[in-house]
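# Observations on chain architecture
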Amino acid sequence: MYASLGDDGSVDDDDTGDDDSAGDDDSGDDDSAGDDDTSVSDCDTSWLEPSEDPVSFSGDLLVIFLDHCADCHTLKGLGELTMTALEAYDQLVGVANILGYGEDMARVEPGDPRNSYIIHKIIGCGADDPEWGFFQAPMPPPVPDVTPLDPAQISLIYSWIAQGAENN
């Protein structure tokens, strides 16, 4: 079993999600009752800056997907996902991911970025996330010659989904 990080970044030594052996989660409730408060998602989206301006799939996002995703998902055929100008929208919106874990989350759920698999992937939600709970490598993957998405690009994708994920 691997050690995990506690809520303040130090090693968790008692498998409770915190960094001490008291059995509580140091959530700031100032109690010492040894309780574990409700877990919080590691899929934090509070740092995103949603756009108030309309986001266009073809004008704003397609270039991001082609630059950052098409190499692996089209040229290398990974993830059963084709990211070309003609197919990207239909491959993303309302299509279940391919994990096969019961009811798979849609790659893009229009109007609901928190329940869109693509957001979990690009933010890098981990196995401890109570909303998701499966380990999946973040996208784009942290490997040589792959440029990560910057916060503005992630915010655009998030905004487009929140705005209804239109094919515009």
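Here the structure is a predicted model, which means the values were calculated and not measured. (Residues numbered from 1 in each chain as written. Predicted model: local features only at pLDDT ≥ 70, side-chain atom pairs only at ≥ 80, totals over all residues. Heavy atoms only, no water.)

### Remarks on the confidence of the model for the chain
Convention followed: In predicted models, pLDDT denotes the confidence assigned by the predictor to each residue on a 0 to 100 scale. Under the scheme used here, helices are H or I runs from DSSP no shorter than 4 residues and strands are E runs no shorter than 2 residues, and both carry numbers assigned from the N terminus. Note on contacts: a residue pair is in contact if any heavy atoms of the two residues lie within 4.5 Å.
In the predicted model, the chain carries a mean pLDDT of 74, and the fraction of residues at 70 or more is 65%. Mean pLDDT across the elements of the chain bottoms out in strand β1 (residues 4-5) (34) and peaks in helix α5 (residues 151-162) (96). The model gives residues 1-39 a pLDDT under 50, and that stretch makes 61 contacts with residues more than four places away or in other chains.

### Points about the side chain of S56
To be explicit about the condition: Nitrogen and oxygen atoms within 3.5 Å of one another constitute a polar contact, given that in protein one can donate a hydrogen and the other can accept it, and given that sequence-neighbouring residues count only through two side-chain atoms.
Position of S56 among the secondary structure elements: in the loop between β2 (11-12) and α1 (57-68). A polar atom in the side chain of S56 sits 3.1 Å from the backbone oxygen of N168.

### Let's talk about the layout of surface pockets
Put simply, the test is: With a 1 Å grid laid over protein atoms only, a set of points is called a cavity when a 1.4 Å probe fits there but cannot get out and a pocket when it is open yet has protein on both sides within 12 Å along at least five of seven lines; lining residues have an atom within 4 Å of a point. Grid points are joined across faces, edges and corners, and a volume is the space filled by probe spheres set on the points. Residues were grouped as follows: Ala, Val, Leu, Ile, Met, Phe, Trp, Tyr, Cys and Pro as nonpolar; Asp, Glu, Lys and Arg as charged; and all remaining residues, including Gly, as polar.
Its boundaries defined by the atoms lining it, the second largest pocket holds a volume of some 350 Å³. As for the second largest pocket, its lining consists of 21 residues, of which H73, L81, Y117, K121 and M139 are closest to the centre. For the lining of the second largest pocket, the secondary-structure elements that each account for two or more residues are α1 and α4 (117-123). When residues in the lining of the second largest pocket are grouped by element, the largest group, four residues, is from α4. Looking at side-chain class alone, the lining of the second largest pocket contains 15 nonpolar, four polar and two charged residues.

### Some points on the packing of α1 against α5
Describing two packed helices takes the angle between their axes plus the distance from one axis to the other. So the rule is basically this: Lines fitted to C-alpha atoms define the axes, with helix axes restricted to the stretch in contact, and inter-axis angles between N-to-C directions lie between 0 and 180 degrees. Between 65 and 115 degrees an angle is taken as roughly perpendicular, under 35 as roughly parallel, over 145 as roughly antiparallel, and anywhere else as oblique. Throughout, a crossing is termed right-handed when the near helix is turned clockwise from the far one, and left-handed when it is turned anticlockwise from it by less than a right angle.
Contact pair α1 / α5: the axes reach a minimum separation of 11 Å and the direction vectors enclose 130°. With respect to their mutual orientation, α1 and α5 come out oblique. Every pair of crossing elements has a handedness; the one defined by α1 and α5 is left-handed. Mapping the contact onto sequence places F57, D60, L61, I64, F65 and H68 in α1 and Q153, L156, I157 and W160 in α5. Considering only residue class, the contact of α1 with α5 consists of seven nonpolar, two polar and one charged.

### Observations concerning the nonpolar core
Heads up, the rule is: Put simply, a nonpolar core is a bunch of buried Ala, Val, Leu, Ile, Met, Phe, Trp, Tyr and Cys residues held in one set by side-chain atoms that sit within 4.5 Å of each other. When accessible area is computed with a 1.4 Å probe and restricted to protein chains, residues below 20% of their type maximum are described as buried, those above 50% as exposed, and intermediate ones as partly exposed.
By size, the foremost hydrophobic cluster in this structure holds 26 residues, and its most contacted members are F57, F65, L92, I157 and W160. Elements represented by at least two residues in this core include exactly α1, α3 (88-92), α4 and α5.

### Points about the packing of aromatic side chains
For the record, the criterion: For this analysis, a ring pair means two rings from Phe, Tyr or Trp (six-membered ring only for Trp) whose centres lie within 6.5 Å, classed as stacked if their planes differ by under 30 degrees, edge-to-face if by over 60, and tilted for the remaining angles.
Across all of its chains, the model carries four aromatic pairs by this definition. Ring centres of F57 and F65 lie 6.1 Å apart, and the angle between their planes is 40°; on these two criteria the pair is classed as tilted. A relative accessible area of 2% means that F65 is categorised as buried. The rings of F57, F65, Y89 and W160 are connected pair by pair, giving a single aromatic cluster.

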